[in-house]
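# Architecture at a glance
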Amino acid sequence: MDWTGLEAGVMEEGIETRNLAGTPQGGVISPLLSNIYLHYLDTVWRRQCAHLGKLVRYCDDLVVMCSTRQQAEAALERLTAVLAGLGLAVAASLGALLVMEAEHILGYRVMPIGEAVES
């Protein structure tokens, strides 16, 4: 397999920056490698944590939809532990608990079950 794409830099305003580790932000290989690496999270969640909430993941973005605040707190704790085992961490600025009735997440409008809305 050709891994040279991992060494590609990023050009911003005429200045090239090279990654010393990881994959280039926005690189075409990044979503594939993220999905391969985080497959373990998907497996653990399905087998051990599904009772806490529904995990929805796209590459390295994810959301866990829970019914109660207690489930959400437990889900965040478990998610943090699983990711730590992979050498990853939930970004402090992004790892927040949100209580909502309707919200847009990852381009989708999330509504409580039973409510239907016209787009």
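What this report covers is the structure whose coordinates are included nearby. Note that the structure is a prediction, hence the values are computed from the model and not measured.

A word on the overall build of the protein. Scanning the protein for helices and strands turns up three helices and six strands. Seen in sequence order, the protein has helices and strands lined up from the N terminus as β-β-α-α-β-β-α-β-β. Across the 119 residues that make up the protein, the buried fraction comes to 19%. Pairs at least 24 residues apart make up 30% of the contacts formed inside the protein by residues separated by at least 6 positions. Accessible area for the protein stands at about 9,200 Å²; split by element, carbon and sulfur atoms hold 55% of it.

Restricting attention to buried positions, one finds in helix H2 (residues 39-49) the residues Leu41, Thr43, Val44, Trp45 and Cys49. Elements in contact with the buried residues of H2: strand S3 (54-58), strand S4 (61-65) and helix H3 (69-85).

So, on to the environment of Pro31. Inspection of the secondary structure puts Pro31 in helix H1 (residues 30-37). Accessibility expressed as a relative area gives 31% for Pro31, which makes it partly exposed.

We now examine the packing of H2 against H3. Where H2 meets H3, the axes come as close as 11 Å, and the angle between the chain directions of the two elements is 140 degrees. Considered as vectors, H2 and H3 are oriented oblique to each other. In the crossing of H2 with H3, the sense of the turn from one axis to the other is right-handed. Note on element contacts: H3 touches H2 through Ala75, Arg78, Leu79, Val82 and Leu83, opposite Tyr40, Leu41, Val44, Trp45, Gln48 and Cys49. Classifying every residue of the contact of H2 with H3 gives nine nonpolar, one polar and one charged.

So, how was this worked out
All residue numbers here refer to positions counted from 1 along the written sequence of the relevant chain. Local features in a predicted model are, by the rule used here, given only for residues with pLDDT of at least 70; side-chain atom pairs are given and counted only at 80 or more, and totals for whole chains, interfaces and linings are based on all residues. Values shown for side chains rest on all heavy atoms present in the structure; no hydrogens or waters enter the calculation. Elements are defined by DSSP. Helices are runs of H or I of four residues or more, strands are runs of E of two residues or more, and each kind is numbered from the N terminus. Note on exposure labels: buried denotes an accessible area under 20% of the residue type's maximum, exposed denotes more than 50%, and partly exposed covers the range between, all computed with a 1.4 Å probe on protein chains only. Here, residues are in contact when the closest pair of their heavy atoms is within 4.5 Å. Note that accessible areas follow from Shrake-Rupley with a 1.4 Å probe, and for residues the cover is restricted to the protein chains shown. Throughout, an axis means a line fitted to C-alpha atoms (over the contacting stretch in the case of helices), and angles, computed between N-to-C directions, take values from 0 to 180 degrees. Angle categories are assigned with fixed cut-offs, so that under 35 degrees is roughly parallel, over 145 is roughly antiparallel, 65 to 115 is roughly perpendicular, and the rest are oblique. Throughout, a crossing is termed right-handed when the near helix is turned clockwise from the far one, and left-handed when it is turned anticlockwise from it by less than a right angle. Residues are grouped as follows: Ala, Val, Leu, Ile, Met, Phe, Trp, Tyr, Cys and Pro are nonpolar; Asp, Glu, Lys and Arg are charged; every other residue, Gly included, is polar.

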